[in-house]
Amino acid sequence: MFALVDAVSFYASAEKVFDPALRTKPVVVLTNNDGCICAVCPIARKLNIPKFQPYFKMKDYLAKHNVVIRSSNYELYADLSENMMNVISRYCDNQYVYSIDESFLQFTGFKSLINDWHEYGHKIRRAVWRETKLPVGVGFGTTPTLAKAANHAAKKLTGYNGVAIIDTEASRIEILAKMKVTDVWGIGSRLGKKLKLMNINTAFDLANCNARDMGRLFSVLVERTISELNGIQCLSWDEIKQAKKEIFSTRSFGKRIENRDSLASALTTHCTIVARKLRRQGSLTKRIVIFAASSPHEDHYYKKSFIYDFPVATSDTCVLAHAVSIVLPNLFKSGVRFYRCGVGAIELESAEFKQTDMFNISEDKPQLMACFDQINRRFGQDTLKLASEKSTVPWQMKRHFLSPHFTSRWQDIPKIRC
DNA sequence: TCTGGGGTCCTAGGACCC
DNA sequence: TCTGGGGTCCTAGGACCC
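Analysis parameters
Residues numbered from 1 in each chain as written. Chains lettered and ligands numbered in written order. Predicted model: local features only at pLDDT ≥ 70, side-chain atom pairs only at ≥ 80, totals over all residues. Heavy atoms only, no water. Helix = DSSP H or I, 4+ residues; strand = E, 2+ residues; numbered from the N terminus. Rg over C-alpha atoms; globule rule 2.2 N^0.38 Å. Buried < 20%, exposed > 50% of the residue type's maximum accessible area, 1.4 Å probe, protein only. Contact = heavy atoms within 4.5 Å. Areas by Shrake-Rupley, 256 points an atom, 1.4 Å probe, with all protein chains shown as cover. Axes fitted to C-alpha atoms, helices over the stretch in contact; angles between N-to-C directions. Parallel < 35°, antiparallel > 145°, perpendicular 65-115°, else oblique. Nonpolar A, V, L, I, M, F, W, Y, C, P; charged D, E, K, R; others polar. Pairing = 2+ DSSP bridges. Near = heavy atom within 4 Å. Polar contact = N/O pair within 3.5 Å; in protein donor to acceptor, adjacent residues only side chain to side chain. Domains from an automatic or database assignment. Salt bridge = Lys/Arg side-chain N within 4 Å of Asp/Glu carboxyl O.

### Considering the overall build of chain A
Thought 1: For chain A, the helix and strand inventory stands at 15 helices and twelve strands.
Thought 2: Since a compact globule built from 418 residues should have a radius of gyration of about 22 Å, the 23 Å found for chain A is in line with a globular shape.
Thought 3: Projecting the C-alpha coordinates of chain A onto the three principal axes gives extents of approximately 60 × 60 × 50 Å.
Thought 4: Burial analysis of chain A (418 residues in total) assigns 46% to the buried set.
Thought 5: Of the contacts made within chain A by residues no fewer than 6 positions apart, 66% connect residues no fewer than 24 positions apart.
Thought 6: For chain A, the exposed area adds up to about 22,400 Å²; of that, 52% sits on carbon and sulfur atoms.

### Some points on the packing of helix 1 (residues 10-17) against helix 4 (residues 74-89)
Thought 1: One way to put it is that helix 1 packs onto helix 4 with a least axis distance of 10 Å and a crossing angle of 90°. Overall, the two elements helix 1 and helix 4 adopt an arrangement that is roughly perpendicular. The residues of helix 4 that touch helix 1, namely those facing Phe-10, Tyr-11, Ala-14, Glu-15 and Val-17, are Tyr-74, Leu-76, Tyr-77, Leu-80, Ser-81 and Met-84.
Thought 2: Residues of the contact of helix 1 with helix 4, tallied by class, amount to nine nonpolar, one polar and one charged.

### Points about the sheet that holds strand 3 (residues 37-40)
The pairing of strands in a sheet happens through backbone hydrogen bonds and is either parallel or antiparallel.
Thought 1: Read from one edge to the other, the open sheet built from three strands follows the order 3-2-4, with strand pairing classed as mixed. Two strands bound the open sheet, and with one partner strand each, they are strand 3 and strand 4 (68-71). For this sheet the average axis-to-axis angle between neighbouring strands, irrespective of direction, equals 25°.
Thought 2: Along the sheet, helix 1 contacts strand 2 (27-30), strand 3 and strand 4; its crossing angle with strand 2, the most-contacted strand, is approximately 115°.

### Focus: the protein's contact with DNA strand B
Thought 1: Taken together, 25 residues form the shell around DNA strand B, and within it Lys-245, Glu-246, Phe-248, Thr-250 and Tyr-339 come nearest.
Thought 2: Thr-31 has a polar side-chain atom sitting 3.0 Å from a sugar or linking oxygen of DNA strand B.
Thought 3: Glu-246 is positioned such that a nitrogen or oxygen atom in its backbone is 2.7 Å from a phosphate oxygen of DNA strand B.
Thought 4: Among the secondary structure elements, those contributing two or more residues to the surface near DNA strand B are helix 3 (55-64), helix 11 (220-229) and strand 9 (247-257).
Thought 5: Top contributing element to the surface near DNA strand B by residue count: strand 9, with seven residues.
Thought 6: Residue composition of the surface near DNA strand B, by class: nine nonpolar, eight polar and eight charged.

### A short note on the domain arrangement of chain A
Thought 1: What the domain assignment lists for chain A is domain 1 (7-75), domain 2 (77-239) and domain 3 (247-379).
Thought 2: Relative placement of domain 1 and domain 2: their C-alpha centres are 25 Å apart.
Thought 3: Residue-level contacts link 17 residues of domain 1 with 15 residues of domain 2.
Thought 4: Our enumeration of links across domain 1 and domain 2 arrives at zero salt bridges.
Thought 5: Those elements that place two or more of their residues in the side of domain 1 that touches domain 2 are helix 1 and helix 4.
Thought 6: Ranked by the residues each element gives to the side of domain 1 that touches domain 2, the list is headed by helix 1, at six residues.
Thought 7: By residue class, the composition of the side of domain 1 that touches domain 2 is nine nonpolar, four polar and four charged.

Structure representation (C-alpha cells):
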C-alpha cells in the first residue's frame, strides 16, 4: 500500500498559519516576480480564479472580490514544509518527499498496527493540523498512481473529506470514473485533448485502454500510467526516489538587465544553487548548460545557450562559476534586454564513484564546499557567497506582497501577548 | 509604465561512426 | 524486382508537474 499526503493549496495555507485572520478570506499566492497566480485557497477557488494566469490580467478581478494577495515567501514555506514532513514521517517507515508539499509513504513494518486505513488517514490529518495548522489530504492506493488518484479524490471530490482509499475493485472504479482523464498523474492538457478525440474522457476510460497499444501511440509514460491505474505497479519505490538526472536553476529578472556584470552575477548565483543541489543529492556533473534570453513576449527574441564540459565531473561552486566567466563573452550581447537566465547540470554521475583523472587535474575542494554548506545551512543561505555574485542585486525579484519572514528573521517572529 | 514561473524528463530527428 | 544496419551522441522542442 502506498499513500500520498499533500497540503491543500500549500502556499496559500502556509500564509494562513501565522495570520489566522486570513483563514476566512480568499487568498492567492503569486510566483516569483509576482508573475502568475500559483496557489488559490479553497475560498478563492469558489471565485473561479484560475491557476497560472498572469497576475496583471487578473488584478482587477482580484481587487473587486477583496482577494488577499501574497508574493511567494519561500523561506517561510520551506520551514513549514519541513515541520509538516516531520510530523508525517512518524506515521510510516518510509517517506519520500516528492515536492515541497507532497510526500509518498510506505508502511511495510506498520501493517500490523493499521487495521483501518480510513481511520489512519484521519489520524495523520489531525496530527498535521494540530501541530502545524496546515490542512492535508491523504490518499491510499495499491500503486503510486492510484495513491495519487485517491489523494485527488480526498481533496477534490465531494464526500471524501480529506481521506480516500483505493484498495478494492469497487473503490478503484468509483474514484476513477469520477475523475477527468487530465486529473490523472502524468496526463496533461495536451494529451487530454488527443484522448478526448478518442472518446477517452475519464480516468476510468483511460484505465480500460490497452496499455501496450497506447504506449506505442504515445509514449512509455502513458503505457505505465495505464498499468498503474489497473493496479499493476510499474513505479517501484526506488524508481520514485531515483536521483535527479538534471538539475537546473533559472529565474527571470525583477526588471530587465542590459549590462554584463549583472548577467554575470545572476549566472554565478545560479551556479551556487545548482552546485548546492548537486552536493545535496550526492551527484557530480560533467556538463552544464548556461543560457540567457530576452523576453519571448517581445520582438527580436534573443536566446543563446552554451554547453560547457568539465574534464572531471564536479559539484564545486567555484569550478561551475569559472565556466560562467569563460562563456559569458559569447553569451552577452549589448543592446539585448535580458529577461531570464539560468544554469543547468545535465550530465550527472554519482559522487560516490568519482572517476578521477590520471594527472589529478580536478580543482574541486570538497572540504571547502562542505564547510560552505554547513555555514549556510546554519546561518541562512546568503551568509557565505562568491564575490562574483555581488551583494547589490539590481536584478532581484519583484515581491510586492511579501508576508513577514515569521520563521527566519528575528524581528519577524510572531509575538504572543498574554 | 509595464507586466507573462520554475523544474525535470522524454522523444524525434539529424549527424556520425564502424 | 527490390533491396542496404545498428549504435551513440547531440539538440530542439514537447510535455508534464507543482
